Amino acid sequence: MTITEDIRYVGVNDHEIDLFEGQYVVPNGMAYNSYVIMDEKTAVMDTVDGAFTGEWLGNIEKALSGKSPDYLVVHHMEPDHSANIAAFAEKYPAAKIVASKQAFVMMKQFFGTDFQDRQVVVGENSTLELGRHTLTFVTAPMVHWPEVVMSYDSADKVLFSADGFGKFGALDVDEEWDCEARRYYFGIVGKYGAQVQAVLKKAAALDIAAICPLHGPVLTENLGHYIGQYDTWSSYRPESEGVVIAACGVYGHTMKAADLLAAKLADKGVKVVVHDLAREDMAECVEDAFRYDRLVLASTTYNADVFPFMRTFIESLTERNYQKRKVGFIENGSWAPMAAKVMKGMLENCKELTFTETTVTIRSALNADSEAQIAALAEELA
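Residues numbered from 1 in each chain as written. Predicted model: local features only at pLDDT ≥ 70, side-chain atom pairs only at ≥ 80, totals over all residues. Heavy atoms only, no water.

Remarks on the overall build of the protein chain
On a plain count of helices and strands, the protein chain comes out with 12 helices and 21 strands. Taken along its principal axes, the extent of the C-alpha atoms in the protein chain is 80 × 40 × 35 Å. Within the protein chain, buried positions represent 54% of all 382 residues. In the protein chain, 69% of the contacts between residues at least 6 apart in sequence involve partners at least 24 apart. Accessible surface, the protein chain: about 15,800 Å² in total, of which carbon and sulfur atoms supply 48%. In the protein chain, 34 side chains carry a positive charge and 55 a negative one; their mean positions are 5 Å apart. (Helix = DSSP H or I, 4+ residues; strand = E, 2+ residues; numbered from the N terminus. Buried < 20%, exposed > 50% of the residue type's maximum accessible area, 1.4 Å probe, protein only. Contact = heavy atoms within 4.5 Å. Areas by Shrake-Rupley, 256 points an atom, 1.4 Å probe, with all protein chains shown as cover. Lys, Arg positive; Asp, Glu negative; His and termini not counted. Charge placed at Lys NZ, Arg CZ, Asp CG, Glu CD.)

Right under this line is the structure:
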């Protein structure tokens, strides 16, 4: 794939993977992106997952027509991007390796060597001259590892954004960017909103014509949309108006209450998304909790606590700095309902949450009293 006259895509698609990072379902696979800048000196931008060594090296060889590259630029040391550093170094012994100081420390940990005699250490505002192309480096610590750098090619106005602006899905599958980029962002980067905001401020000073991430498609049109989405997500602002009802229970009574609330909200013209936490992809549930501006947590009381899937869900929210939303509760308990108290307590350190005045308490099964509470909660949320 040609990105610009001088920049070629040499990455790979992975359709063998089932769980990305051991936890995220990726039905459409993953792309591990790598690029080559062809100039007086040539630079390869990142490697790919270790399962694709031969394919990747073949792509480089084809792009360069047998010419040896001068540099390998390492933006990020996560193994899906760095696994082939040693293989590259062996194949191209004259090439220099360009990375941050901390990345070289990690290379020593991964490969037993930090390639001392081949190092080009870069930091904030470091430059790498290739000829017509000059790369300027931007540090991006904790987006989403501490060693990360991004680079900007001033000649073609291309930002190499490491894992920023990435998404799930291989490049030979046509799918909407927003959904899988959102799920990717909140699953993997979501904890580090402040650090993403810092990088966005740096990016605002650049004239960017294309964004080349390490996952997902190269972005060349409507860049304001993608940057705007990242600004919204990293500032924890709701993206859309609507109510997410996240529910789980044992015998169906709590789910029935969640469905009743959803029906009442829908009757009022409110966008509603219901998730059964025990049966659905947890990353999708987390994504929607951050997407919409209101959330209802519905759980049975279980061992004087909450149902295990609810605990996992709330912990997934709090570790990603969940904030700036309105939250309501539905609890169920046959003899000592405790779930609402536990759920609210789990959220007590979240910033800028408001809680509904109405909490629905069900004792075993819905009755006239709990149905009236659900009606009141729907009115309050609408």
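After that view of the structure, there is still more to cover.
What to know about the environment of Phe111
Note that Phe111 resides in helix α4 (residues 101-111). Phe111 sits in the partly exposed class, given a relative accessible area of 26%. Those residues in contact with Phe111, other than ones at most four positions away along the chain, are Met77, Ser82, Ala83, Ile85 and Ala86.

Side note on the packing of aromatic side chains
The final tally for this structure, using the stated rule, is 24 aromatic pairs. Ring centres of Trp56 and Phe88 lie 6.1 Å apart, and the angle between their planes is 40°; this geometry places the pair in the tilted category. In this pair, Trp56 sits in helix α1 (residues 53-63) while Phe88 sits in helix α3 (residues 85-91), placing the two residues 32 residues apart along the sequence. Phe88 carries the same exposure label as Trp56, and that label is buried. Each ring, one from Trp177 and one from Tyr226, has its centre 4.6 Å from the other, and the planes form 70°; the classification is edge-to-face. Separated by 49 residues along the polypeptide, Trp177 in helix α5 (residues 177-189) and Tyr226 in helix α7 (residues 223-234) bring together distant segments of the chain. Like Trp177, the residue Tyr226 is buried in the burial classification. One aromatic cluster is present, built from ring pairs that chain together Phe165, Trp177, Tyr185, Phe186, Tyr226, Tyr230, Trp233, Tyr236, Phe290 and Tyr322. (Phe/Tyr/Trp six-rings, centres within 6.5 Å; stacked < 30°, edge-to-face > 60°.)

Concerning the pairing of strand β9 (residues 96-99)
In this sheet, β9 lies alongside strand β8 (residues 71-73) in parallel orientation, the contact comprising three bridges. Note on β9: the bridge partner recorded for Val73 is Val98. Examined bridge by bridge, β9 and strand β10 (residues 119-121) share three bridges and lie parallel to one another. Looking across to β10, one finds that Val98 is bridged to Val120. (Pairing = 2+ DSSP bridges.)

Note that every value here comes from positions in space, so none of it alone points to a role or purpose.
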